[in-house]
Amino acid sequence: MTTAQTVGTEYDVRIRRADRLSLEYSFASEFLNFYKHVAAFQKTLRARIASSSGMKSSGTHAAEIRDPLDLTVLLPHFRGFLSTIEQRAPVALRGAVREMSLLPSDSWMASLEAYWEHGGKYDQQIGAFAQFLARSFLQPYAEFRAALTPKPPVVTTMRVCPLCGARPLLGVLRPEGDGGKRFLLCSFCSQEWEFRRIFCSTCGEEEEGKLPVYVAEQLPHIRVETCNTCKFYLRTVDLTKDGHAIPLVDDLAAVPLTLWAHEHGYSRLQPNLLGT
Ligand SMILES: [Zn+2]
Ligand SMILES: [Zn+2]
């Protein structure tokens, strides 16, 4: 199987998982059905990025993730992206898409470049919808660059992504021995890095009594790992409970956990693509 096919499969897995979860969790089906269209667009875009940079980069060294965007590759796809999103987006997002599509391409470039420089670092202040377009359009590009970047040595308490400097979107517990090993999943380039199990990824609190974990009955494989010192929480997808979960997608289904956390005074450092 070639790399392009493997990557295509990765997006297909996300789409299938969204399909399955949208049947199971009716409260999230609008978001998940919309996400399927986003992921289908991302799959095509990722294949185009791979084929055009394959032609260009033979013989050159691997790029750093946040090196300048190649807008000659990306920009020709942006209008098509906007119209896909406008047709499929939840009402709350449609107006923002229409506004963006009326702007000149200089503004598109400025918005994409700003996200490329700052995305994943202070997203909570910006809000999920405000950066949805740049983030979802550039996610395949960030994942593409990340795949080409050599992994740095493992340091287990890095609170930001060792590859791109963004903050974590999620925790992921992967089965190991009798328990689970915790990883953090990057909100910008979707790579994972190993992280200590009892340690707040926001403020560094390590006293277990100050780090209570909550699990809702409806979503037994998703943990809300709170910190009573900084009042932030990290959502962690527990693959020891559900080995079929796809963290990036299962997180989108966890709408009730966002409401719960908000009611209990905890904030999420990095919102997901849809702000749930
Ligand atoms: Zn990253
Ligand atoms: Zn904390």
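Scope of this entry: the structure provided in the associated data block. (Residues numbered from 1 in each chain as written. Chains lettered and ligands numbered in written order. Predicted model: local features only at pLDDT ≥ 70, side-chain atom pairs only at ≥ 80, totals over all residues. Heavy atoms only, no water.)

Points about the overall build of the chain
Thought 1: Helices and strands together make up the secondary structure of the chain, namely 10 helices and seven strands.
Thought 2: Taking 19 Å as the expected radius of gyration for a compact globule of 276 residues, we find that the chain reaches 18 Å, a close match to that expectation.
Thought 3: Counting only C-alpha atoms, the chain reaches 50 × 45 × 35 Å along its principal axes.
Thought 4: The buried share among the 276 residues of the chain stands at 49%. (Helix = DSSP H or I, 4+ residues; strand = E, 2+ residues; numbered from the N terminus. Rg over C-alpha atoms; globule rule 2.2 N^0.38 Å. Buried < 20%, exposed > 50% of the residue type's maximum accessible area, 1.4 Å probe, protein only.)

With respect to the layout of surface pockets
Thought 1: The calculated volume of the largest pocket comes to roughly 460 Å³.
Thought 2: Looking at the lining of the largest pocket, the elements that each hand over two or more residues are helix 1 (3–24), helix 2 (29–56), helix 8 (132–148) and helix 9 (247–253).
Thought 3: The element that contributes the greatest number of residues to the lining of the largest pocket is helix 1, accounting for nine residues.
Thought 4: By residue class, the composition of the lining of the largest pocket is 14 nonpolar, five polar and seven charged. (1 Å grid on protein atoms, 1.4 Å probe; cavity = no way out; pocket = protein on both sides within 12 Å on 5 of 7 lines; lining within 4 Å. Points joined across faces, edges and corners; volume = space filled by probe spheres on them. Nonpolar A, V, L, I, M, F, W, Y, C, P; charged D, E, K, R; others polar.)

A word on the coordination of the zinc ion (ligand 2)
Thought 1: Donor atoms from the polypeptide that bind the zinc ion (ligand 2) are C200 (SG), C203 (SG), C227 (SG) and C230 (SG), placed at 2.3 Å.
Thought 2: Here the donor residues of the zinc ion (ligand 2) are spaced in sequence according to C-x2-C-x23-C-x2-C. (Donors = N, O, S within 2.8 Å, 3.2 Å for Na, K, Ca; no water.)

Digging into the coordination of the zinc ion (ligand 1)
Thought 1: Of the protein atoms, only C161 (SG), C164 (SG), C186 (SG) and C189 (SG) coordinate the zinc ion (ligand 1), at distances of 2.3 Å.
Thought 2: Taken together, the four donor atoms coordinating the zinc ion (ligand 1) span angles of 97 to 118 degrees at the metal, a pattern that classifies the geometry as tetrahedral.
Thought 3: Within one chain, the residues serving as donors to the zinc ion (ligand 1) are arranged as C-x2-C-x21-C-x2-C.
Thought 4: On the basis of relative accessibility, which here comes to 9%, the residue C164 falls in the buried class. (Tetrahedral: all angles 85-135°; square planar, octahedral: opposite > 155°, others 65-115°.)

As for the packing of helix 4 (residues 78–88) against helix 5 (residues 91–102)
Thought 1: Packing of helix 4 against helix 5 leaves a shortest axis separation of 9 Å and a crossing angle of 155 degrees. Between helix 4 and helix 5, the interaxial angle falls into the category roughly antiparallel. When you trace helix 4 past helix 5, the crossing you get is left-handed. Residues F78, R79, L82, I85 and E86 of helix 4 form the contact with helix 5, whose participating residues are R94, V97, R98, M100 and S101.
Thought 2: Partitioned by chemical class, the residues of the contact of helix 4 with helix 5 number five nonpolar, one polar and four charged. (Axes fitted to C-alpha atoms, helices over the stretch in contact; angles between N-to-C directions. Parallel < 35°, antiparallel > 145°, perpendicular 65-115°, else oblique. Left-handed = near helix turned anticlockwise from the far one by under 90°. Contact = heavy atoms within 4.5 Å.)

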